[in-house]
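# What the coordinates show
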Amino acid sequence: MVTKKPKVVIIGAGMAGLTAANKLYATAGSKELLDVCVVEGGHRIGGRINTSEFGGDRIEMGATWIHGIGGSPVYKIAQHINSLQSEQPWECMDGLLDTEAVTISEDGYELNPSLVDPITNLFNKRLDFAQGKLVPEGEIDKSFNGGNLTSLGSFLRRGLDAYWDSVKDDIEDIELDKRRKRSLEQGVFAMFENIQRTYTSAGDLEMLDFNAEKEYRMFPGEEISIAKGYLSVVESLASVLPAGLIQLGRKVTKVEWQPDESLETENGTNEKPVKLHFVDGSTMYADHVIVTVSLGVLKQGIHKDSAMFNPLLPSFKTEAISRLGFGVVNKLFLKLTPSTHDEDYAINFPYLQMVFHQSEPNPKIPWWMRRTANLSPIYGKSNILLSWFAGKEALELESLDDEEIIDGFSKTISSFLLNSKYLKKSNDLCNGHAAESRFKVEKVLKSQWGTDPLFLGSYSYVAVGSSGDDLDAMAEPLPKRTSIHSNIPLQILFAGEATHRTHYSTTHGAYFSGLREANRLLHHYHCIDI
């Protein structure tokens, strides 16, 4: 009698799914021990990794950075496949340019480092402390005591209040100047908060759990982008898989599983306990399914009216899905029109840090721009600019047409660069109209992760009321085993960045999770020892 190979279906061809497929096929699939299949709802591989081109430059619509090269599996793969060098210009090829940043307020005045630097240091020290990094003992005051604080936002803001209390006796300015200085300091602080919003995907830092920050881990070393595109890493993982193993355009609408030991299925056997339903009406049976869809899709899928799982997931799983945060971060690329009178104008566009007034806002600047922290070329001499959006502003960006975006950015640029040296040529005087004409936006390209039904957001965070335990619960396979001697077979396994306790929100977290679930199955079939 011929024994059928166990069938493993992986839902999603992103970093987690392809890492799992790569490991399973290389270890057991190529030896005819497992039947591995990847089903992807979209028409491309990569998931939230999506390398593209704009204005002749290579850009990333999704994942952009290798967050620390020391110990990163993504860096190791990119290095191995020679993806870290390219003749074609690419996004952030100069690295992080914030050391060259110029900080300007919305009324067009460049802020003196004597005002910006103390707030910068204040914010960074408090963030380092919250993340468990070393802060010199002499720089820690009573405001660093988190006490009963629940959110990172509250902890950071407490520092600004303490800073103001510590310097108020030293201020000898007249009251009007004092108020303006405080307003600008608050604006600088808000700018760094907005940068952190894009790092975390939280719409507001008040949503981030304070205690969970210390569990998040970063790799040491510099942060770099990938010259030949992030997609080259994913393509490398997929390259070992035989043709046909990855099935594109196969969106799963329902996963039927058996939470007990009866394992009765429609086809009268107990060999394949999981049944997948696809949007085209077709079905597929599997022994094991690795679910790598985003937390946003899972959040939608646990509602009874759009239930992705039948029967519904157990409460420990749905509660973790509900408590964890999943936000929206979008990138906007703008191509500047070459100027007929000055072809080198794009070289002069600064790495612009934007400080918005927290009161009396400029009515010319649209509300969806007001929590954007910076605007800069994607590398030193590029005429492609990049800006990041998070939260409700990121969602609003998705709803705007190109003309509305161009108009909003043109007005914003003209306000910020009203008095800027970056507009002046020789002794000419410049004004807002000159800014609009000199830095004219020709076209735009934006990501739309929030409304894409295959993702419904960008990446996860530990929200207030959640904890790292919820990330562990996300990784728990089903049915949940009550003991190591349980005979209930593995049916549904979960991978993806939102299932990693210390590296959530990252591509390397997704990689580690895919490897974890592949190893779980290989150990289950005694293919490897772990």
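This structure is a prediction, so every number in the text was calculated from the model and none was measured.

What counts and what doesn't
- Residues numbered from 1 in each chain as written.
- Predicted model: local features only at pLDDT ≥ 70, side-chain atom pairs only at ≥ 80, totals over all residues.
- Heavy atoms only, no water.
- Core = buried A, V, L, I, M, F, W, Y, C linked by side-chain atoms within 4.5 Å.
- Buried < 20%, exposed > 50% of the residue type's maximum accessible area, 1.4 Å probe, protein only.
- Helix = DSSP H or I, 4+ residues; strand = E, 2+ residues; numbered from the N terminus.
- Contact = heavy atoms within 4.5 Å.
- Pairing = 2+ DSSP bridges.
- Phe/Tyr/Trp six-rings, centres within 6.5 Å; stacked < 30°, edge-to-face > 60°.
- Lys NZ or Arg CZ within 6 Å of the ring centre and 35° of its normal.
- Salt bridge = Lys/Arg side-chain N within 4 Å of Asp/Glu carboxyl O.
- Axes fitted to C-alpha atoms, helices over the stretch in contact; angles between N-to-C directions.
- Parallel < 35°, antiparallel > 145°, perpendicular 65-115°, else oblique.
- Left-handed = near helix turned anticlockwise from the far one by under 90°.
- Nonpolar A, V, L, I, M, F, W, Y, C, P; charged D, E, K, R; others polar.

### Overview of the nonpolar core
Core analysis: the largest hydrophobic core is formed by 41 residues, its most contacted members being Ile10, Met15, Leu18, Leu24 and Ile290. Looking at this core, the elements with two or more residues in it are β1 (7-11), α1 (15-29), β2 (35-39), α2 (73-80), α6 (231-238) and α13 (507-524). Per element, the largest residue contribution to this core is 7 residues, and it comes from α1. Aside from chain neighbours lying at most four places away, what touches Ile10 is Gly17, Ala20, Ala21, Leu24, Val36, Cys37, Val38, Val39, Ile290 and Thr292. Judged by nonpolar contacts, the second largest core, of 37 residues, contains Ala286, Val289, Val291 and Ile492.

### A short note on the sheet that holds strand β9 (residues 283-286)
Read from one edge of the open sheet, 4 strands run β9-β8-β7-β11, paired in mixed fashion. Each having just a single partner strand, β9 and β11 (309-310) make up the two edges of the open sheet. Two strands pair when backbone bridges link them, and strand β8 (residues 274-278) and β9 are joined in this way by 4 bridges, in the antiparallel orientation. In the sheet register, His277 faces β9, and the bridge partner there is Thr283.

### Observations regarding the packing of aromatic side chains
Counted under the stated rule, the structure contains 13 aromatic pairs. Measuring from ring centre to ring centre gives 5.9 Å for Phe129 and Phe155, while their planes differ by 20°; the resulting arrangement is stacked. Of this pair, Phe129 sits in helix α3 (residues 113-130) while Phe155 sits in helix α4 (residues 152-167), placing them 26 residues apart in sequence. The exposure class of Phe129 is partly exposed, given its relative accessible area of 22%. The buried category is assigned to Phe155, whose relative accessible area is 0%. With a centroid separation of 6.3 Å and an interplanar angle of 70°, the aromatic rings of Phe389 and Phe409 are classed as edge-to-face. Remark: Phe409 occurs in helix α10 (residues 402-416) and Phe389 occurs in strand β16 (residues 384-390); sequence separation between them is 20 residues. When the ring centre of Phe278 is taken as origin, the NZ or CZ atom of Arg250, which lies over that ring, is 3.8 Å away. Positioned above the aromatic ring of Phe494, the side-chain terminus of Lys317 is 3.8 Å from the ring centre.

### A look at the pattern of salt bridges
The full count for this structure, using the stated rule, is 19 salt bridges. When the shortest N-O distance is used, the salt bridge between Glu497 and Arg48 registers 3.0 Å. Here the residue Glu497 occupies a position in the loop between β19 (492-494) and α13, and Arg48 occupies one in the loop between β2 and β3 (51-54), the gap between them amounting to 449 residues. Under the relative-accessibility criterion, Glu497 is labelled buried at 4%. Linking Lys272 and Asp287 is a salt bridge whose minimum nitrogen-to-oxygen distance equals 2.9 Å.

### Remarks on the pairing of strand β13 (residues 329-336)
Looking down a regular strand, the side chains alternate between one sheet face and the other. With 8 of its 8 residues buried, β13 lies for the most part within the structure. Two strands pair when backbone bridges link them, and β13 and β16 are joined in this way by 7 bridges, in the antiparallel orientation. Within the sheet, the bridge partner assigned to Phe333 lies in β16 and is Leu386. Looking at chain direction, β13 and strand β17 (residues 441-446) are connected through 5 bridges and run antiparallel. Paired with Lys335 across the bridge in β17 is Lys443.

### What to know about the environment of Ile406
Turning to its location among the elements, Ile406 is positioned in helix α10. For the pair Ile406 and Val444, spaced 38 residues apart in the sequence, the C-alpha separation amounts to 7.4 Å.

### Describing the packing of α1 against α6
Two elements in contact, α1 and α6, have axes separated by 8 Å at closest approach and are oriented at 30°. Judged by the angle between their axes, α1 and α6 are roughly parallel. Seen from above, α1 lies across α6 with left-handed handedness. Contact residues: α1 offers Met15, Leu18, Thr19 and Asn22, while α6 offers Val233, Val234, Leu237 and Ala238. Looking at the contact of α1 with α6, its residues break down into 6 nonpolar, 2 polar and no charged.

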